[in-house]
There are 2 protein chains.
Amino acid sequence: MTNPTAAMLVIGDEILSGRTRDSNMHHLAKELTSHGIALAEARVVPDDRGVIITALRALATAHAHVFTSGGIGPTHDDITAEAVAAAFDTPISVRDDARAILQAHYDRSGQNLNDARLRMARIPDGATLIENPISAAPGFTLRNVHVMAGVPAIFEAMVASVLPTLTGGAPLLSQTLCVTRGEGDIAAPLGEIADRFPDLSFGSYPFFRDGVQGTNIVVRGSDGAQVDAAMTDLSKLVSDTA
Amino acid sequence: MTNPTAAMLVIGDEILSGRTRDSNMHHLAKELTSHGIALAEARVVPDDRGVIITALRALATAHAHVFTSGGIGPTHDDITAEAVAAAFDTPISVRDDARAILQAHYDRSGQNLNDARLRMARIPDGATLIENPISAAPGFTLRNVHVMAGVPAIFEAMVASVLPTLTGGAPLLSQTLCVTRGEGDIAAPLGEIADRFPDLSFGSYPFFRDGVQGTNIVVRGSDGAQVDAAMTDLSKLVSDTA
């Protein structure tokens, strides 16, 4: 696969404790896939500076892009911006452009831009701001790391503004064949077809629904003609073994 | 925190492509928390033998327990059992006890225990089987790694049978205070209270609901008296700043 790869780093004790169910990973996975970038790995880590730094360095080295979610608010447990700066030995301080965005937002809502809120204007040197159309506090891109909010509506808005700036490959296409046969019945011939199309990936996902056993066979790849050819072979397989 | 830690490894291309939304991580997080085991890290990796092995070794070394989900079915992309065996240099083959479980299951349903299905009886030497009350094919525990199915109903049943066998710490307690104030308004005093209770963790989670801005403050710890004391201080903080 020649498409660029990406990783996601979900940051937050609340995910690991089970208090909050993460939904950002699933959203990002779908958006990246349609943009032709392969999400190759995702990690969830706690609000722990050392752990975040270690994970960031590993992921930023291994992949073309890293997307983080969570930990960019005004409270003591919001340490993502500091950790990203530290991971790349980059100075971080309150930046005028980010401060102006927050000042305008809080002026409009009649709230006070206090020291806690001003923490959200701390941006690493050289980073590009990512717009937050909902609560103003910006995300940022430093090198190949895109730092975004954990609140799903804000995360999704930030993904929408970052993705068009990234070069993707051919969109990853997928087709699904649903057969009412057990995985074990089709495993051998499915494996043979998969061997014949080394550039495609084949997944099989069993289900039990209303007492019926079945399997969804998913074929993925960036060459539409190959995906079509594989689907033709699969359809034949199903009629042969039915 | 003296509670043992755990990690989760979610295995499957279908999660990273966005086709399937993982729900096992959230379930495991809640169950571990109530059992007094802290989920310290989670990773999602593709159906790639080398990537799975590298992640397994790192997580099994760093944590008391590792839980995997996915990749133990009968098809060519189900490589988890082989990868776990390889990660610990342990031989793997069809084991009589696992084969007997599958044979009985397929005899009952009038299906054929063919070569593909027999793959699900491949169990590393020395591993303990984990019962699958839904579709028979067992999971297993090898050293500190618990290998479970990806289908949520089966995953959850396997967690229910494994957890009672593990020694947990004191259950992690949590209390939540919901205040109708922005995070930025309470960040400074919240930070001071957090400093006074170093054994507890404090999280703050903003929300916007029906036009009202608010924050959920979550206090977590295993000492109930300390959690109560922190909640008392927090309530006072809220009435002071209101």
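Residues numbered from 1 in each chain as written. Chains lettered and ligands numbered in written order. Predicted model: local features only at pLDDT ≥ 70, side-chain atom pairs only at ≥ 80, totals over all residues.

## Describing the overall build of chain A
For clarity, the cut-off: By definition, any uninterrupted DSSP run of H or I lasting at least four residues is a helix, any uninterrupted run of E lasting at least two residues is a strand, and each is numbered from the N terminus. With C-beta atoms placed from the backbone, a residue is labelled by how many other C-beta atoms lie within 10 Å of its own: buried for 20 or more, exposed for 12 or fewer, partly exposed between the two. Two residues qualify as being in contact provided that their C-beta atoms, derived from the backbone, are within 7 Å of each other.
Of the regular secondary structure elements, chain A holds nine helices and eleven strands. Taken over the C-alpha atoms alone, chain A extends approximately 70 × 40 × 35 Å along its principal axes. Across the 242 residues that make up chain A, the buried fraction comes to 48%. Considering only residue pairs separated by 6 or more positions, chain A has 68% of its internal contacts joining residues 24 or more positions apart.

## Quick word on the interface of chain A and chain B
Put simply, the rule reads: The nonpolar class holds Ala, Val, Leu, Ile, Met, Phe, Trp, Tyr, Cys and Pro. Asp, Glu, Lys and Arg form the charged class, and all remaining residues, Gly among them, are polar. Any two strands with at least two DSSP bridges between them are considered paired.
Counting from both sides, the interface comprises 47 residues of chain A and, opposite them, 48 residues of chain B. Counting only elements with at least two residues in the side of chain A that touches chain B, the list comes to helix H1 (13–16), helix H2 (24–35), strand S2 (38–45), helix H6 (115–118), helix H8 (183–196), strand S10 (201–209) and strand S11 (212–221) of chain A. Residue composition of the side of chain A that touches chain B, by class: 20 nonpolar, 15 polar and twelve charged. As paired elements, S2(A) and strand S2 (residues 38–45) of chain B share three bridges and run antiparallel to each other. Within S2(B), the residue paired with A:Arg43 across the bridge is B:Arg43.

## Describing the sheet that holds strand S7 (residues 139–142) of chain A
Worth spelling out the cut-off: Only C-alpha atoms enter the line fits that serve as axes; for helices the fit covers just the stretch in contact. Angles between N-to-C directions range over 0 to 180 degrees.
The twelve strands lie next to each other as S6(A)-S7(A)-S8(A)-S3(A)-S1(A)-S2(A)-S2(B)-S1(B)-S3(B)-S8(B)-S7(B)-S6(B), forming an open sheet whose pairing is mixed. Unpaired on one side and paired on the other, strand S6 (128–130) of chain A together with strand S6 (128–130) of chain B mark the two borders of the sheet. Sheet twist, expressed as the average angle between the axes of neighbouring strands with direction ignored, equals 20 degrees.

## Some details on unusual backbone geometry
Residue and element names in this part refer to chain A. Of note in the backbone geometry, Ala136 takes a positive phi value of approximately 75 degrees without being a glycine. For Ala136, the location among the structural elements is in the loop between S6 and S7. With 19 C-beta atoms counted inside 10 Å, the residue Ala136 sits in the partly exposed group.

## Observations regarding the nonpolar core
Stated formally: A set of buried Ala, Val, Leu, Ile, Met, Phe, Trp, Tyr and Cys residues, joined to one another through C-beta atoms within 7 Å, is what we call a nonpolar core.
With 104 residues, the main nonpolar core has A:Leu9, A:Leu39, A:Leu56, B:Leu9, B:Leu39 and B:Leu56 as its most contacted residues. Not counting residues within four places of it along the chain, the set of residues in contact with B:Leu56 comprises B:Leu9, B:Val66, B:Ala83, B:Val84, B:Ala87 and B:Val145.

## A short note on the relation of the copies chain A and chain B
Applicable threshold: Overlaid copies result from least-squares superposition on C-alpha atoms, with residues included only where pLDDT is at least 70 in both.
When chain A is fitted onto chain B, the two copies agree to an RMSD of 0.0 Å after a turn of 180 degrees and an axial shift of 0.0 Å. The relationship between the two copies is best expressed as a two-fold rotation axis. Relative to the rotation axis, the C-alpha of A:Arg43 is the closest in chain A, positioned 2.1 Å from it. Of all interface residues in chain A, 100% are interface residues in chain B too; the two copies therefore contact each other through one and the same surface.

## Overview of the sheet that holds strand S9 (residues 173–179) of chain B
Residue and element names in this part refer to chain B. Reading across the sheet, the three strands line up as S9-S11-S10 and stay open at both edges, with antiparallel pairing between neighbours. Each of the sheet's edge strands pairs with one partner strand only, and the pair in question is S9 and strand S10 (201–209). Strand-to-strand, the axes of this sheet are offset by a mean angle of 20 degrees, without reference to chain direction. Where S9 lies against strand S11 (residues 212–221), seven bridges are found, and the strand directions are antiparallel. Counterpart to Cys178 in the pairing with S11 is Asn216. Where helix H8 (residues 183–196) meets the sheet, its contacts fall on S9, S10 and S11, and the angle it forms with S10 comes to roughly 170 degrees.

## Topic: the environment of A:Asp96
Inspection of the secondary structure assignment puts A:Asp96 in helix H5 (residues 96–109). In this structure the C-alpha to C-alpha distance between A:Asp96 and A:Ala121, which are 25 residues apart in sequence, comes to 7.9 Å.

## Remarks on the environment of A:Gly150
All names here are of chain A. Relative to the helices and strands, Gly150 is located in the loop between strand S8 (145–148) and helix H7 (152–162). Overall, Gly150 belongs to the buried group, with 24 C-beta atoms counted inside 10 Å. In this structure Gly150 touches Gly12, Asn24, Ser69, Gly70, Gly71 and Phe155, once residues within four positions along its chain are discounted.

## A word on the environment of B:Leu200
Residues and elements named next belong to chain B. Inspection of the secondary structure assignment puts Leu200 in the loop between H8 and S10. Among the residues examined, Leu200 registers 20 C-beta atoms within 10 Å and is labelled buried. Between the C-alpha atoms of Leu200 and Asn144, which are 56 residues apart in sequence, the distance is 28 Å. Leave out the neighbours within four places in its chain, and Leu200 touches Val219, Arg220, Gly221, Gln226, Val227 and Ala230.

## Describing the packing of helix H2 (residues 24–34) of chain B against helix H7 (residues 152–162) of chain B
All names here are of chain B. What counts here: By definition in this entry, angles of less than 35 degrees are roughly parallel, angles greater than 145 are roughly antiparallel, angles of 65 to 115 are roughly perpendicular, and the rest are oblique. Here a crossing is called left-handed whenever its near helix is offset anticlockwise from the far helix by less than a right angle, and right-handed whenever the offset is clockwise.
Where H2 meets H7, the axes come as close as 10 Å, and the angle between the chain directions of the two elements is 20 degrees. Judged by the inter-axis angle, H2 sits roughly parallel to H7. Remark: the crossing between H2 and H7 carries right-handed chirality. Within the contact between the two elements, H2 uses Asn24, His27, Leu28 and Glu31 and H7 uses Pro152, Phe155, Glu156 and Val159. Grouping the amino acids of the contact of H2 with H7 by side-chain chemistry returns four nonpolar, two polar and two charged.

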